[in-house]
Amino acid sequence: MNKNIFCVDIGGAKLICGALTPQGEIVDIIRAEYPKDYTIDTITGLIFEGYQKLKGYDFCACGVAVPGLCDYKSGKWLYSPFSGLGDIPITEIISDMTGLPTFADNDVNISAMAERYFGVCQDIDDFLWITVSNGIGGGLYLGGDIYRGQGLSAGEIGHFIVEENGRKCGCGNKGCLEAHASGASIAAIYNERTSKNLAAKEIAELARDGDKTALAVWQEAGAYIGKAVAYSVNLLNINTVVLGGGAAEAFDLLEPAVTRSLNDNLFKKANPSVKVLHSKPGKYAALMGCAALVIDNQKEKNL
């Protein structure tokens, strides 16, 4: 496969369209922020605009990263706790729009694929990939392949209960990891404590500059992530965990607390050596994973 791949990362707060090579190299990207009250029409309109700007790159196919539950076989976006959107035939819509063979999967599964194809896990068959962004999700590689589960929804680490009767989560439960350690939650918690309405990235800069409240919020998030990682490792007996996504760009703030909490909750005799790594694709993992998804399907589909 020599042609470029049209890649669409449908984020919780933004959309990124990209032209990528089969080697995962980003040739060009178009980024758009969503308005406050957005719909599926908003999203598909932005995808069309992105395609129109990038279509000169001679695409062979399209890969789509969907936030939340996705049936990768049918190409249907089933449900997103963050936005409430769902029951959308997303591959059919984009294929009709672009004329390209189109494949979709959960954004975290796709991010794990990017790490496997292009990142720090190219030689690792068993690992957990965790997106820390507006939401939190997990992608599992077991035995050298994505593990999706019976209902195609494996890896929902963001909905582990890490705080009994904790913060309300978009899924309807209380105390989920996503409600306590996602980028959106970090911003909300900091706002509650300071009355300052800042993004997680800005709060990270304040933490590095010595803001004690900002640092505490990031450390608390890391501790919750470490607890959830320990539960996962104890269950799966894997020794590699990768943190990626926009909020994980503050890996320097998260990692110490993640490691401490992981060690506090880990069954060490069964898991003596667990590595917590920062994603190599980083904030573009889902976008690069779209290319990996197309590559993964190319033999079967004769692309």
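Cut-offs used in this document
Sequence order as written defines residue numbering, which begins from 1 separately in each chain. Per-residue local features of the predicted model are confined to residues with pLDDT of at least 70, and side-chain atom pairs are confined, for both listing and counting, to 80 or more; whole-chain, interface and lining totals are unaffected and use all residues. With hydrogens and water stripped out, all remaining heavy atoms of the structure feed into the side-chain values. The criterion for strand pairing is that DSSP finds at least two bridges linking the strands in question. Strands here are runs of E lasting at least two residues and helices are runs of H or I lasting at least four, both read from the DSSP assignment and numbered beginning at the N terminus. Here, the term right-handed applies to a crossover whose path from the first strand over the helix to the second runs clockwise when the strands point away from the viewer. Remark: nonpolar core denotes a set of buried residues (Ala, Val, Leu, Ile, Met, Phe, Trp, Tyr, Cys) joined through side-chain atoms within 4.5 Å. Think of it in three bands: with a 1.4 Å probe and only protein chains considered, a residue is buried below 20% of the maximum accessible area for its type, exposed above 50%, and partly exposed in between. Any pair of residues with heavy atoms lying within 4.5 Å of one another is described as a contacting pair. To get an axis, fit a line to the C-alpha atoms, keeping to the stretch in contact for a helix; angles then go from 0 to 180 degrees between the N-to-C directions. Any angle between 65 and 115 degrees counts as roughly perpendicular, while under 35 counts as roughly parallel, over 145 as roughly antiparallel, and the rest as oblique. Two helices crossing with the near one rotated counterclockwise from the far one by less than a right angle form a left-handed crossing, whereas a clockwise rotation gives a right-handed crossing. Throughout, the ten residues Ala, Val, Leu, Ile, Met, Phe, Trp, Tyr, Cys and Pro are labelled nonpolar, Asp, Glu, Lys and Arg are labelled charged, and all others, Gly among them, are labelled polar.

Enquirer: So what's going on with the pairing of strand β13 (residues 275-278)? Residues and values would help.
Expert: Each regular strand displays side chains that alternate between the two surfaces of the sheet. Both strand β12 (residues 240-244) and β13 contribute to a ladder of four bridges, which runs parallel. Bridged to V242 within β13 is L277. In the classification by handedness, the crossover that spans β12, the intervening helix α8 (residues 251-265) and the parallel β13 is right-handed.

Enquirer: Give me the nonpolar core: which residues, what numbers.
Expert: Of all hydrophobic cores here, the largest spans 40 residues; its most connected members are I130, L177, W218, I225 and L243. Formed by 31 residues, the second largest nonpolar core is a distinct cluster that contains Y141, M288, C290 and L293.

Enquirer: Give me the environment of D107: which residues, what numbers.
Expert: In this structure, D107 sits in helix α3 (residues 107-118). Between the alpha carbons of D107 and N271 there is a distance of 28 Å; along the sequence they are 164 residues apart. Ignoring sequence-local partners within four residues, the contact set of D107 consists of A65, V66, P67, G68 and A286.

Enquirer: Could you give me a rundown of the environment of K280, with the residues and numbers involved?
Expert: Relative to the helices and strands, K280 is located in the loop between β13 and α9 (285-301). Among the residues examined, K280 registers a relative accessible area of 59% and is labelled exposed. Setting aside chain neighbours within four positions, we find K280 in contact with E115, F118, G119 and V120.

Enquirer: Please give an account of the packing of helix α5 (residues 183-194) against helix α7 (residues 212-236) that cites residues and values.
Expert: Direction vectors running N to C along α5 and α7 enclose 140 degrees, while the axes themselves pass 10 Å from each other. When the interaxial angle is binned, α5 and α7 end up oblique. Relative to α7, α5 is oriented so that their crossing is right-handed. Two secondary-structure elements touch here, α5 through I186, I189, Y190, R193 and T194 and α7 through T213, A214, V217, W218, E220 and A221. A per-class count over the contact of α5 with α7 returns seven nonpolar, two polar and two charged.

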